[in-house]
Amino acid sequence: MKSALAQAPGETLSGFTAMLRDHGLSVGIAEQQAMLTAALAVGSVYESGVRAAWRSIACHSRREWLLWPDLFDRYWHPSRVKGHVRVSGQSRPSRDLRRSVEDMHRQMANHDQAPLGEKKSAVSNTSSSVGLDEHDPALNDSTPKAMGGASRVDALHQREGQMWLPQDLGLLQHLARQISQRLRPRSTRRWMVATPGKRLDLRQTLRTSVAWGGETLSPAWKIPRQEPARLFILADVSRSMESHAPFFLRVARAFALEAKARVFVFHTRLAEVTPLMQRDTAAIQEKVNAVTAGFGAGTRIASSLKDFARTHARAQLRRGARVWIMSDGFDTDEPTELALALQGLRAQGAKVTWFYPTKTEPAARALQLARREIERLIPLATLADLAAARHVLN
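Now for a description of the structure that goes with this document. (Residues numbered from 1 in each chain as written. Predicted model: local features only at pLDDT ≥ 70, side-chain atom pairs only at ≥ 80, totals over all residues. Heavy atoms only, no water.)

Looking at the packing of helix 3 (residues 29-42) against helix 4 (residues 47-58)
Right, on to step 1. Packing of helix 3 against helix 4 leaves a shortest axis separation of 9 Å and a crossing angle of 155 degrees. As far as their axial angle goes, helix 4 and helix 3 are roughly antiparallel. For the pair helix 3 and helix 4, the crossing hand works out as right-handed. Contacts between helix 3 and helix 4 involve E31, A34, M35, A38, A39 and V42 from the first element and G49, V50, A53, W54 and I57 from the second.
Right, on to step 2. A class-by-class count of the residues in the contact of helix 3 with helix 4 yields nine nonpolar, one polar and one charged. (Axes fitted to C-alpha atoms, helices over the stretch in contact; angles between N-to-C directions. Helix = DSSP H or I, 4+ residues; strand = E, 2+ residues; numbered from the N terminus. Parallel < 35°, antiparallel > 145°, perpendicular 65-115°, else oblique. Left-handed = near helix turned anticlockwise from the far one by under 90°. Contact = heavy atoms within 4.5 Å. Nonpolar A, V, L, I, M, F, W, Y, C, P; charged D, E, K, R; others polar.)

What follows is the structure, given as structure tokens:
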């Protein structure tokens, strides 16, 4: 096991940074190379120095700074972390920070003494260990899709949504913010004080005139009051949507943060997960994936929509509300029931938008019969689809 570790110390660092990314830290290629440089500069004797240097490189917020000690010990000193033991029957190389740094120094020394041809090979191996591979097909301009490592192709528009990088989450949040700003608020008959305004607020003007001896020297104005748009997102997490549900839940979480959307999941029944979506935790990927765990086969879309309108959103479904349904449309209820459920939503003033995870429109009979009750049918398989639809979502 020691020889395997000595041959690829950079791979150990790559595994550590991969774990950091899984817990929400923005650690890319630049940070990974900076951590490698810091480890070579500080040396293997001073683990506390390496720990502090890496912490300043990888942590960009107070939450990440507080989370760092536990993540560091969990990877480099797993024996210090209390938890459950799981036996897999496979042996893995031990992770020792001091030995890894010594191996990095040894590789650099061998690199300086090697001939020119061998140096190129060493550079290629080192780059591969930190996530760069010059032989990666993704670096070839003729390859349209990235297969791993660094790539000149924007992987956001190629990946199907299972693997998320910090830049993916940043783009998703930016798209959600843009779309949320386009959601038109609902105008009401009430007025609110504002300066400048459209109408004189006579009552407030008379009140403020007392300070001026009855002279109306400081008039008050008011404008029509508007309520923010109400957005409801219903994501299908049934067996047929198993591969698409994590992506839909990621999108739903972005709108729960930006537009204060209420998020529901359904399969054979409906459940609200808004508190989970609005929670900013380090292991949010695991929590999002856990939402879809344990759900059996079968989808009762019509029954879930009726339960949503009758119980969960009865007081909030009104004119101007948006209901976004994310599903492939396959329903085990009677095909005509879906149209009736959507009619009930529209009767309360809601606008229904249906997102489906395929490039072509679903052929589900229930969805075809309910097509007239849906304002828009939009494909949503990648972030590129969401970016293309942001101009029509209002």
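Quick look at the pairing of strand 4 (residues 231-236)
Right, on to step 1. Most of strand 4 is tucked away, with six of its six residues classed as buried.
Right, on to step 2. Here strand 4 shows two buried faces, one formed by L231, I233 and A235 and the other by F232, L234 and D236.
Right, on to step 3. Where strand 4 and strand 7 (residues 322-326) come together, five bridges link them in parallel fashion. Residue pairing in the sheet places L231 in a bridge with R322 of strand 7.
Right, on to step 4. Pairing analysis gives five bridges linking strand 4 to strand 5 (residues 262-266), with the strands arranged parallel. Counterpart to A235 in the pairing with strand 5 is V265. (Buried < 20%, exposed > 50% of the residue type's maximum accessible area, 1.4 Å probe, protein only. Pairing = 2+ DSSP bridges.)

Remarks on the nonpolar core
Right, on to step 1. In terms of nonpolar packing, the biggest core is built from 37 residues, with L231, I233, F255 and W324 touching the most fellow members.
Right, on to step 2. Of all the elements in the fold, those that place two or more residues in this core are helix 8 (166-182), strand 4, helix 10 (245-258), strand 5, helix 11 (274-277), strand 7 and helix 16 (383-389).
Right, on to step 3. For this core, the element with the highest residue contribution is helix 10, accounting for nine residues.
Right, on to step 4. Among residues more than four places away in sequence, those in contact with W324 are I179, L183, L231, F232, I233, L234, F255, T353, F355 and L393.
Right, on to step 5. Counting residues in each nonpolar core, the second largest holds 30 residues, with L234, A309, V323 and A339 among its members. (Core = buried A, V, L, I, M, F, W, Y, C linked by side-chain atoms within 4.5 Å.)

What to know about helix 5 (residues 62-76)
Right, on to step 1. Between its first and last C-alpha atoms helix 5 spans 22 Å; for 15 residues at 1.5 Å apiece the expected length is 21 Å, and the two agree.
Right, on to step 2. The largest bend along helix 5 reaches roughly 40 degrees and is located at W68, with the proline P69 sitting one to four residues downstream.
Right, on to step 3. Looking at helix 5, one finds that the buried residues are E64, L67, W68, L71, F72, D73, Y75 and W76. (Expected span 1.5 Å × (residues − 1). Bend = angle between axes of the 7 residues up to and from the residue.)

Some words on the pattern of salt bridges
Right, on to step 1. Enumeration according to the criterion identifies nine salt bridges in this entry.
Right, on to step 2. A salt bridge links D73 to R51; its shortest N-O distance comes to 3.1 Å. Taken together, the residues span a long stretch of sequence, with D73 in helix 5 and R51 in helix 4 at a distance of 22 residues.
Right, on to step 3. One salt bridge in this structure joins D333 and R300, with 3.2 Å as the shortest N-O distance. Of this pair, D333 sits in the loop between strand 7 and helix 14 (335-347) while R300 is found in the loop between helix 12 (284-291) and helix 13 (301-312), placing the two residues 33 residues apart along the sequence.
Right, on to step 4. Overall, the relative accessible area of 14% leaves D333 in the buried class. (Salt bridge = Lys/Arg side-chain N within 4 Å of Asp/Glu carboxyl O.)

Considering the sheet that holds strand 5
Right, on to step 1. Read from one edge to the other, the open sheet built from six strands follows the order 6-5-4-7-8-9, with strand pairing classed as mixed. Looking at which strands have only one partner, the edges of the open sheet turn out to be strand 6 (270-272) and strand 9 (376-379). Each strand of the sheet is rotated relative to its neighbour by a mean of 20 degrees, with strand direction disregarded.
Right, on to step 2. As paired elements, strand 8 (residues 351-356) and strand 9 share four bridges and run parallel to each other. Along strand 9, the bridge assignment pairs Y356 with P379.
Right, on to step 3. Along the sheet, helix 10 makes contact with strand 4, strand 5, strand 7 and strand 8, crossing strand 4 at roughly 165 degrees.
Right, on to step 4. In the packing of helix 13 onto the sheet, contacts are made with strand 4, strand 5, strand 6, strand 7 and strand 8, and the angle to strand 5 comes to roughly 145 degrees.

A word on the packing of aromatic side chains
Right, on to step 1. Summed over the entire model, instances satisfying the criterion amount to 14 aromatic pairs.
Right, on to step 2. Between F16 and F72, the ring centres sit 6.0 Å apart and the planes meet at 90 degrees, which makes this aromatic pair edge-to-face. Here F16, found in helix 2 (residues 9-22), pairs with F72, found in helix 5; they are 56 residues apart in sequence, far enough to count as distant.
Right, on to step 3. Among the residues examined, F72 registers a relative accessible area of 0% and is labelled buried.
Right, on to step 4. One aromatic cluster is present, formed by F16, W54, W68, F72, Y75 and W76 through successive ring pairs. (Phe/Tyr/Trp six-rings, centres within 6.5 Å; stacked < 30°, edge-to-face > 60°.)

What about helix 4?
Right, on to step 1. Its twelve residues place the ends of helix 4 16 Å apart at the C-alpha level, agreeing with the 16 Å of an ideal helix rising 1.5 Å per residue.
Right, on to step 2. Buried within helix 4 are the following residues: V50, A53, W54, I57 and A58. Buried residues of helix 4, viewed axially, fall in a sector of 120 degrees; they line one side. (Arc of directions from axis to C-beta.)

Here's the deal with the side chain of H23
Right, on to step 1. Tracing the backbone through its elements, the reader meets H23 in the loop between helix 2 and helix 3.
Right, on to step 2. Classification of H23 as buried rests on a relative accessible area of 11%.
Right, on to step 3. For H23, the side chain forms a polar contact with the main-chain oxygen of M19, separated by 3.0 Å. (Polar contact = N/O pair within 3.5 Å; in protein donor to acceptor, adjacent residues only side chain to side chain.)

A short note on the packing of helix 13 against helix 14
Right, on to step 1. Between helix 13 and helix 14, the shortest axis-to-axis distance is 8 Å and the interhelical angle comes to 20 degrees. Accordingly, the angle class assigned to the pair helix 13 and helix 14 is roughly parallel. For the element pair helix 13 and helix 14, the recorded crossing hand is left-handed. Across the interface between the two elements, I301, A302, L305, K306, F308 and A309 from helix 13 touch E337, L338, A341, L342 and L345 from helix 14.
Right, on to step 2. The class makeup of the residues in the contact of helix 13 with helix 14 is nine nonpolar, no polar and two charged.

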